[in-house]
Amino acid sequence: MEVREPCPYRILEDSGSAFAMGLIGGSLFHSFTGFKQAARGKKLSGLVNNVRISSPRTGAQFAAWGGVFSTIDCCMVAIRKKEDSLNSITSGALTGALLATRSGPKMMAVSGALGGVILAMIEGVSFAMSRWMTDMQHMEEQQALEDPRSLPSASSAPSQSEFLSI
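Residues numbered from 1 in each chain as written. Predicted model: local features only at pLDDT ≥ 70, side-chain atom pairs only at ≥ 80, totals over all residues. Heavy atoms only, no water.

Cut-off, in case you're wondering: UniProt positions are given in the numbering used here, feature names are shortened, and annotations may be inferred rather than shown by experiment.
Taking an unreviewed UniProt entry as the reference, the protein chain is identified by name as Mitochondrial import inner membrane translocase subunit TIM17 belonging to Steinernema hermaphroditum. What UniProt states about the protein chain under its Function (unreviewed entry) heading is, verbatim, "Essential component of the TIM23 complex, a complex that mediates the translocation of transit peptide-containing proteins across the mitochondrial inner membrane."

Dropping the structure here:
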């Protein structure tokens, strides 16, 4: 199980990491578009200029999403008194809706539904991976119980004096 920061600090941590992801991903994306859109002979300067202007905006948008998501998630934990995937899915839906407020109620509903679906898919993949890893661990433990020779023996491991001499 993942150990996370307590809620007030989690919001700042998630906002900062979302800003970093947006800045890095935005830099990559905007470097391609800047290079493609620049005139012949000005490709490098067009790339740098587009990254300089557009990437911080992308980072700020990611930070806004991360901050709102974490704030709602922390509120859900406080209200429901438990941390589970329902909090994340609800937070994704509410974040999508809140960030689309200026676009009107129809876009709020669409963005909220999209945010909820995306977070449900992320939680589903996370659950499936966790289940798969647990099954793999159980299979390895079962195999070790059935065939003790498959485990590394103590004599094959380096002794403490051999380890220290390395």
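There is more to say, and it comes next.
## Section: the state of the cysteines
Put plainly, a disulfide is one covalent bond tying together the sulfur atoms of two cysteines. Note the cut-off: Cysteine sulfur atoms are paired as a disulfide whenever they fall within 2.5 Å. Secondary structure elements follow DSSP: runs of H or I of four or more residues count as helices, runs of E of two or more count as strands, with numbering from the N terminus. Only protein chains enter the area calculation, which uses a 1.4 Å probe; residues under 20% of their type maximum are buried, those over 50% are exposed, and those in between are partly exposed.
The full count for this structure, using the stated rule, is one disulfide. The disulfide bridge from Cys7 ends at Cys74, spanning 2.4 Å between sulfur atoms. On the sign convention where negative means left-handed, the S-S torsion of about -100° between Cys7 and Cys74 marks this disulfide as left-handed. Here Cys7, found in helix α1 (residues 7-37), pairs with Cys74, found in helix α2 (residues 43-80); they are 67 residues apart in sequence, far enough to count as distant. Judged by relative accessible area, which is 8%, Cys74 ranks as buried.

## Quick look at the packing of aromatic side chains
Stated precisely, the cut-off is as follows: Only rings of Phe, Tyr and Trp enter the pairing, Trp through its six-membered ring, and a pair is recorded when the two centres are within 6.5 Å. The plane angle decides the type: under 30 degrees is stacked, over 60 is edge-to-face, the rest tilted.
One pass over the structure, following the stated rule, counts one aromatic pair. Ring centres of Trp65 and Phe69 lie 5.3 Å apart, and the angle between their planes is 15°; this geometry places the pair in the stacked category. Residue Trp65 and its partner Phe69 are both found in helix α2; the two are separated by four residues, about one turn of the helix.

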